[in-house]
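# Structural features, examined
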Amino acid sequence: MNPAWALAALGLVDAAFSGFRAYAGRDARIRKHRAVVRAALRGLSVGAVLLLAPALTAGSVLLLAEDPDRAYGALADGGVGFLVPLGAYALAVLFSLAAYLALPFRASTLAVVVGLGPLTLARPLVVAAACAGALVAGGGWTSLLVGAVAGAAVLCVEPYVHRRWYAPAY
């Protein structure tokens, strides 16, 4: 199984949410649909560029490997190990987001406070667990390298979008 497409999709969705989080709370207007979409697209575009780094790293590993088939297998195994913690995290976020959207006002506020807030803070820990999963799943050090580059890229989207478009000018 090649988890590259699933990992790329998760990374891009996370980048769009990162763009939204960089914008959230910056605008007091009630109707801000366009601004929210623009923020998500900014995060998506920055994430798409930053996620080229792990793709180039994986490509370099394959090009420099003595046995490309074995290196590909190791990267695929590491990718599955990387995907497992991220998939569990994505499901938790999805359930919390569904609760936020479906429940009445007070309960949806609780879903944000108890679910989405702590899950956002846990992102670096989840990325670290995914990197460990890439190593433990049999991917070896090359999978850990690609996973670390991917994790750094994903975690850099929100700070970059915030500084580029939403930081106050002093």
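Rules behind the numbers
Residues numbered from 1 in each chain as written. Predicted model: local features only at pLDDT ≥ 70, side-chain atom pairs only at ≥ 80, totals over all residues. Heavy atoms only, no water. Helix = DSSP H or I, 4+ residues; strand = E, 2+ residues; numbered from the N terminus. Polar contact = N/O pair within 3.5 Å; in protein donor to acceptor, adjacent residues only side chain to side chain. pLDDT = per-residue confidence, 0-100. Expected span 1.5 Å × (residues − 1). Bend = angle between axes of the 7 residues up to and from the residue. Axes fitted to C-alpha atoms, helices over the stretch in contact; angles between N-to-C directions. Parallel < 35°, antiparallel > 145°, perpendicular 65-115°, else oblique. Left-handed = near helix turned anticlockwise from the far one by under 90°. Contact = heavy atoms within 4.5 Å. Nonpolar A, V, L, I, M, F, W, Y, C, P; charged D, E, K, R; others polar.

### Some words on the side chain of D14
Inspection of the secondary structure puts D14 in helix 1 (residues 4–23). In terms of polar contacts, D14 uses its side chain to reach the side chain of R123, at 2.6 Å.

### Thoughts on the confidence of the model for the protein chain
Of all residues in the protein chain, 100% attain a pLDDT of 70 or more, and the chain-wide mean is 93. For the protein chain, per-element mean pLDDT is lowest for helix 5 (residues 105–121), which scores 90, and highest for helix 3 (residues 52–64), which scores 97.

### With respect to helix 4 (residues 68–102)
Here helix 4 contains 35 residues, and its C-alpha end-to-end distance of 48 Å stays within 8% of the 51 Å for a straight helix at 1.5 Å per residue. The principal kink in helix 4, of about 25°, is found at V84, preceding the proline P85 by one to four residues.

### Things to note about the packing of helix 4 against helix 5
Put simply, helix 4 and helix 5 touch, their axes get as near as 8 Å, and they point 160° apart. The angle between the axes of helix 4 and helix 5 places the two elements in the roughly antiparallel class. The handedness of the crossing between helix 4 and helix 5 is left-handed. From helix 4, Y89, A92, V93, S96, L97, A99 and Y100 reach across to helix 5, where they touch S108, A111, V112, G115, L116, L119 and T120. Its residues assigned to classes, the contact of helix 4 with helix 5 comprises ten nonpolar, four polar and no charged.

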